[in-house]
Each structure stands twice: as structure tokens, then as C-alpha cells.
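# A look at the structure
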Amino acid sequence: MQIKYLSTAWNDIRQSPGWLAKALLLGLVACIPIFGWIVVYGYLYGWARDMAWGVHAPLPARIFGNEDGKLYSRGFFVLVIAFVFSLLPGVIEVIGVIIGSGPFWFWGHSGYGFGLFSVGIGGLVFVASIAAMFFVVLFSWVGSMRMSIYGRLSAGFQFGKIWSMVRHDFGGLLRILGMAIVLAIGIGVVVAVLAFVVVLVAFLVGVLATGGNLNINAPYLSGPVLGLTFAVGGVSILLSAVAGYGGMVVAVFTIMMVTRALGYWTRQFDVPAWRGQDDPMPFEMRGTYPPRQ
């Protein structure tokens, strides 16, 4: 039976005591550069790891609890894995530029031929970059889950093991990716609405601060104009900070959904029966595959 990742992950989050307060706190923590995301990823991938082991528990009670002693190393390793995998699309683009302009510089003498060649290379590089980004996301997700289970960074870069898992249930990962895309679109809409509200409220507050006494023909440094400028600026800064924090909370919630879904996806590989990170996984030893979720 296929798992409905969206509804299942949401139900697990919703049924966790104080889940909203945790999301708000994680959003605040995420505002801290680097360290904040180490905590966020360490906390959420620890929860996903528990699900992969078959432990159906709510969100951990304490964000900084670090019960297993690996909160910070796990979060840091997730960042490292994501960073290293994200280099692949950039490498492809650089190779495309070198091929398109380096060894084939002589095409420049024919103008038209060079133009066609450049367009062709550019198109291929674009397609290759999109495909690379697509697989980067999937490989970094599975790599991060393997790292979380074994507690070692090296487990997150075992490409053969990762690929074996990906190709077994590629469809399941696609459904999780689709969920992430839908949530990302939702974030975009929320951010756009918040930005509009910020501008509108800032302007209205500025107008109220000047008592509506605005004259477009007044000198630039007149009292009403200065009042409007400072009022709009101050309110914009305040509301922008609030909107930025709200965006962080929504982003954290999206990661919360994705990591929980990844925990369910990984559970199908019979994680309690795993041995060393270099050993075959149970379905590899049996020569069969576990039922897809």
C-alpha cells in the first residue's frame, strides 16, 4: 500500500504536542546564519532517522536536547552533503562554457556557425544542469538519511548505495519531491502576499502619520514629506523583519514535512537489519526488493 506522504507527514506533525511552538522556535533559530540551520537539520533529520528505524514518535520535546549526542554533527553533515552535491550543476555549467568557447574558438571566424554551435551547447548545458539539480536533490536527501542512520559523513557519499535505494523506489522520491514543490509554491505565494501587505501597511501608516497632509508640489524637505518618509521607512523595516521571520517558519515547516516523509520512505529498506555502512542492505543480500511505499 502506497504511503500518502503529504497527509501522513502532516498528521505526524499535527499530532505532536506543541508542534506549532516548535516550528516558531525553529524558524527563529534558522535566522542565525549557519549555526541555526545546523540545529534545524540536526533536529529534523534525527526525527526522520527515528521513523526510518520504525520508531513512531512525535517531534522531540526539546530542540536543543541532543539526547543522542549527534544533534550538531548531524546537522553540520547535512549541510556538507547538500553543499557538495550542489556543486555538480555548477561544474556542468563550467564544462559547457569551456566546450562552447575554449577548444572551438575558431568557429568565431564563421560567425553564423559559431552562433548555432553556442546555442546548441547552451541548450544542452541548460538541460543537463536542470537534470543535475533534480538528481542532486534526491541524492542529497537519501545521502543525508544514510548519514543520519550511521552517524558518519562518509555514509552520505556512498553513491552506489544511494543509487541502489533511489532506483528501487524512484517513484516514492518523486512524490516527496512533488510535495516539496507544492509547498515551495505555497511559500512563494505567502511571501508575495506578505511583501504586498508590508508595502501597503507601511504606506498607510505613513499617510496617517502625516495626517493625510501631503502635497506633491511641496518642497522635498517639507514636514509632511519627511514624516511620510520616516514613517514608511520605519514601518517597512519592522514589517520586513516580521515577514522574513514568517518566511523562515514556513521554510522550516516545509523541511519538517520533507524529512518526515523521507523517514517513512527509508523505513521500507528494513533499517533495523542494516549492518555496517559498507555491507549489503537486506534487499541486496536477498536479491529481492522490499515492497515499495
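Not measured: the values here are computed from a predicted model.

Now for the overall build of the protein chain. Scanning the protein chain from N- to C-terminus turns up nine helices and zero strands. Reading the secondary structure of the protein chain in the N-to-C direction produces α-α-α-α-α-α-α-α-α. Out of the 293 residues in the protein chain, the part that is buried amounts to 39%. Restricting to contacts in the protein chain with at least 6 residues of sequence separation, those with at least 24 account for 78%.

Turning to the pattern of salt bridges, a few remarks are in order. One pass over the full model with this rule turns up six salt bridges. Here Asp50 ties to Arg49 by a salt bridge, and the two come within 3.0 Å at their closest N and O atoms. Arg49 gets classed as buried once you look at its relative accessible area, which sits at 16%. The residue Glu284 makes a salt bridge to Lys161 at a minimum N-O spacing of 3.3 Å. In this pair, Glu284 sits in helix H9 (residues 282–286) while Lys161 sits in helix H6 (residues 159–168), placing the two residues 123 residues apart along the sequence. The class of Lys161 is buried, set by a relative accessible area of 15%. The network of salt bridges with common partners includes Arg49, Asp50, Asp68 and Arg74.

Now for the environment of Tyr5. Tracing the chain through its elements places Tyr5 in helix H1 (residues 5–14). Spatially, the C-alpha atoms of Tyr5 and Trp265 are 8.6 Å apart, while their sequence positions differ by 260 residues.

Enumeration according to the criterion identifies 17 aromatic pairs in this entry. Taking 6.3 Å as the distance between ring centres and 45° as the angle between the ring planes, the aromatic pair formed by Trp19 and Phe253 counts as tilted. Highlighted residues: Trp19 in helix H2 (residues 19–30) and Phe253 in helix H8 (residues 223–267), separated in sequence by 234 residues. Aromatic side chains Tyr41 and Tyr45 sit 6.3 Å apart centroid to centroid with 45° between the ring planes, which places their arrangement in the tilted category.

In this section: the nonpolar core. Of all hydrophobic cores here, the largest spans 59 residues; its most connected members are Trp141, Ile176 and Met256. Secondary-structure elements contributing two or more residues to this core are H1, H2, helix H3 (35–52), helix H4 (71–101), helix H5 (112–150), H6, helix H7 (170–209) and H8. Top contributing element to this core by residue count: H3, with 11 residues. Leave out the neighbours within four places in its chain, and Ile176 touches Tyr5, Trp141, Val258, Ala261, Leu262 and Trp265.

Another aspect to go through is the side chain of Arg260. By the secondary structure assignment, Arg260 is in helix H8. The buried category is assigned to Arg260, whose relative accessible area is 0%. Ignoring any residue separated from it by four or fewer positions in sequence, one finds Arg260 in contact with Ala9, Asp12, Trp47, Met51, His56 and Ala57.

On to the environment of Gly90, then. Positionally, Gly90 belongs in helix H4. The exposure class assigned to Gly90 is partly exposed, which follows from its relative accessible area of 33%. Along the primary structure Gly90 and Ser129 are separated by 39 residues, whereas in three dimensions their C-alpha atoms are 7.7 Å apart.

Turning next to unusual backbone geometry. In this model, Ile34 sits at a positive phi of 60°, which is unusual for a non-glycine residue. You can see Ile34 is positioned in the loop between H2 and H3. Even without glycine at this site, Asn66 takes up a positive phi of about 55°. For Asn66, the location among the structural elements is in the loop between H3 and H4. Judged by relative accessible area, which is 25%, Asn66 ranks as partly exposed.

Let us now look at the confidence of the model for the protein chain. Do not read the fine detail of predicted coordinates wherever pLDDT is low. In the predicted model, the protein chain carries a mean pLDDT of 81, and 72% of its residues have values of at least 70. Mean pLDDT values over the elements of the protein chain span from 76, in H5, up to 96, in H3. Counting contacts from residues 102–116, a segment whose pLDDT is below 50, to residues more than four positions away or on other chains yields nine contacts. Note that pLDDT drops below 50 for residues 218–222; the model gives that stretch three contacts with residues more than four away or on any other chain.

Parameters and conventions
The numbers attached to residues start from 1 for each chain and follow its sequence in the written order. In keeping with the model being predicted, local features are shown solely for residues with a pLDDT of at least 70 and side-chain atom pairs are shown and tallied solely at 80 or more, while totals for entire chains, interfaces and linings include all residues. Calculated side-chain values reflect all of the structure's heavy atoms, with hydrogen atoms and water omitted. Counting from the N terminus, the helices are DSSP H or I runs at least four residues long and the strands are E runs at least two residues long. Summary of the burial criterion: residues with accessible area below 20% of their type's maximum are buried, those above 50% are exposed, and those between are partly exposed, where the area comes from a 1.4 Å probe applied to protein chains only. By definition, residues are in contact when any of their heavy atoms lie within 4.5 Å. A pairing counts as a salt bridge when a side-chain nitrogen of Lys or Arg comes within 4 Å of a carboxyl oxygen of Asp or Glu. When two rings of Phe, Tyr or Trp (its six-membered ring) have centres within 6.5 Å they constitute a pair, described as stacked for plane angles under 30 degrees, edge-to-face for angles over 60, and tilted for the intermediate range. We define a nonpolar core as any set of buried Ala, Val, Leu, Ile, Met, Phe, Trp, Tyr and Cys residues linked to one another through side-chain atoms lying within 4.5 Å. pLDDT runs from 0 to 100 and stands for how confident the predictor is about each residue.

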